[in-house]
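# Report on the structure
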Amino acid sequence: MEVLGLSLVLIALFVGFGLLIGILFGFFGMGGSFLVTPALLVIGYPSRVAVGSGLAFVFGTSVIGALRHREHGQVDYKLAAIMTAAMTVGIEGGKRVVFFLDATGRADLIISVAYVGLLGAVGLFTLRDAWTADDTADANTLELAERVQSLRIPPMVTLRGDVRVSATVIFAIGLVVGVLSGFLGVGGGFLLMPAMMYGLGVPAAIAVGTDILQITISGAFGAFVYAQSGAVALPVVGSLLFGSALGARIGAGATQLVDEDGIKGYFATMLLAGSVAVATKELGTAYGIDVLSTVSIALIIGATVLVSGAIVLAAVCQLRAGSGTLCRLTTS
C-alpha cells in the first residue's frame, strides 16, 4: 500500500528518522539536513531532489526554534541580516553548480565526495575539541576571534555581546557557507554556528539563536528555488517534519538538563558516521557491491539513533539522579 507515492514502511521510516533528527535539532540548534540529504542520497533519490528536500526540511525545523530563541532575546538581528544577505547570494550560486553538474551526470558523485570531506573534517574538529582541555580550547578560541576582530575593513559593526567586527568579514563568511548550503543542501548550522562563536567571538547563546533565525530565512529561500524546479519531494519532507515536531520539543527540553559539552564526542561520532556512510555507498555503487549500500544506510540510521538516544538517556538520568552504568557512560 502506498500513500502519495511512498510505501507505509518508508513513511514510518521517515517519521521515525524525523523524530530522531528533531531531538538533535532541539538540543544542538542545527537543522539536521546534514543527515537528511546524505540519507536520501543513500536511499537512492537523485542529488537535486535530495538537496532540495534537505533545504525544505531545514526550513520547517528551524521555524519553531527561531521563535523560541526570539522569546529569550538570543537573536542578533544585525548579524542575521548580513548573514542572510550573503547566504542568499551563495545559495543561488551553489544551486546553479548543482544543476550544471546534474546536466553533466556528475552531480551525485561530486556532491557525495564533498559530503564525505566536509562531514569528516567537521567531525574530526569536533572530536578534537571534545578531547582538548577546556583552558587550551578557550585560549585557541579567543586568539582566533581576536585576529578576526582586528581586521578593520569598513564598515565596522557592533554585535550583541559587545563584539565589534567588520561587516565585510561577516558577509564573506556567510557567502562561503551559502555556497555550501546551495551545493550540498545543508542549512549551514553546523558550519555557521562555530564560525560565529570561534571566528567572530559571538557568545554561544546568541550564536545559536541568530544561527537558527538565519537558517529559517535561508532555508525558506533555498527550498523555494529548488521547489520551483520540482526538486522537492513533498511527501518525504512532510513525513520527516511530522516526526521532527515532537523530537524538537524533546531535544529542547533536554538542553535544560544536560551539559552539552558532555555530548560532543557523540556528536562528532555522528558526523564521522555520516561521512563514512556516504563513502561506503559510493564504493558500493562504483564496484557493484550491493551489501555496501545496506551498510551505509545502517550507519546513517545507527548514528542518529545513538546520539539521540544518548541525549534522551542523559536527560532522564539527570531527572532521576541515576548513577547506573548507562548513566555514567552518557556523562563520561
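Below, the structure is looked at part by part. (Residues numbered from 1 in each chain as written. Predicted model: local features only at pLDDT ≥ 70, side-chain atom pairs only at ≥ 80, totals over all residues. Heavy atoms only, no water.)

## Observations concerning the overall build of the protein
- Helix and strand counts for the protein come out as 13 helices and four strands.
- Relative to its full complement of 332 residues, the protein shows a buried share of 50%.
- Pairs at least 24 apart in sequence give 78% of the contacts found in the protein among residues at least 6 apart.
- Counting only carbon and sulfur atoms, one obtains 67% of the accessible surface of the protein, whose full area is about 14,800 Å². (Helix = DSSP H or I, 4+ residues; strand = E, 2+ residues; numbered from the N terminus. Buried < 20%, exposed > 50% of the residue type's maximum accessible area, 1.4 Å probe, protein only. Contact = heavy atoms within 4.5 Å. Areas by Shrake-Rupley, 256 points an atom, 1.4 Å probe, with all protein chains shown as cover.)

## Things to note about the pattern of salt bridges
- Tallied over the entire structure, the rule returns three salt bridges.
- Linking Arg-48 and Asp-102 is a salt bridge whose minimum nitrogen-to-oxygen distance equals 3.5 Å. In this pair, Arg-48 is assigned in helix H3 (residues 47-71) and Asp-102 in helix H4 (residues 77-104), connecting sequence segments 54 residues apart.
- Taking relative accessible area as the criterion, Asp-102 reaches 28% and is therefore assigned partly exposed.
- Across the salt bridge formed by Lys-95 and Glu-92, the nearest N and O atoms sit 3.6 Å from each other. Note that Lys-95 and Glu-92 are positioned in helix H4 at a spacing of three residues, about one turn of the helix. (Salt bridge = Lys/Arg side-chain N within 4 Å of Asp/Glu carboxyl O.)

## Considerations on helix H12 (residues 290-320)
- An ideal rise of 1.5 Å per residue puts 45 Å on 31 residues; H12 measures up with 45 Å between its terminal C-alpha atoms.
- Here H12 has its buried residues at Ser-296, Ile-300, Ala-303, Thr-304, Val-307, Ser-308, Ala-310, Ile-311, Ala-314, Ala-315 and Cys-317. (Expected span 1.5 Å × (residues − 1).)

## A few points about the packing of aromatic side chains
- Overall, the coordinates contain one aromatic pair when judged by the stated rule.
- Taken together, a centroid distance of 5.7 Å and an interplanar angle of 45° make the contact between Phe-99 and Tyr-226 tilted. Taken together, the positions of Phe-99 in helix H4 and Tyr-226 in helix H9 (residues 204-228) put the pair 127 residues apart, joining distant regions of the chain.
- Its relative accessible area of 22% is what places Phe-99 among the partly exposed residues.
- Given the relative accessible area of 0%, Tyr-226 is considered buried. (Phe/Tyr/Trp six-rings, centres within 6.5 Å; stacked < 30°, edge-to-face > 60°.)

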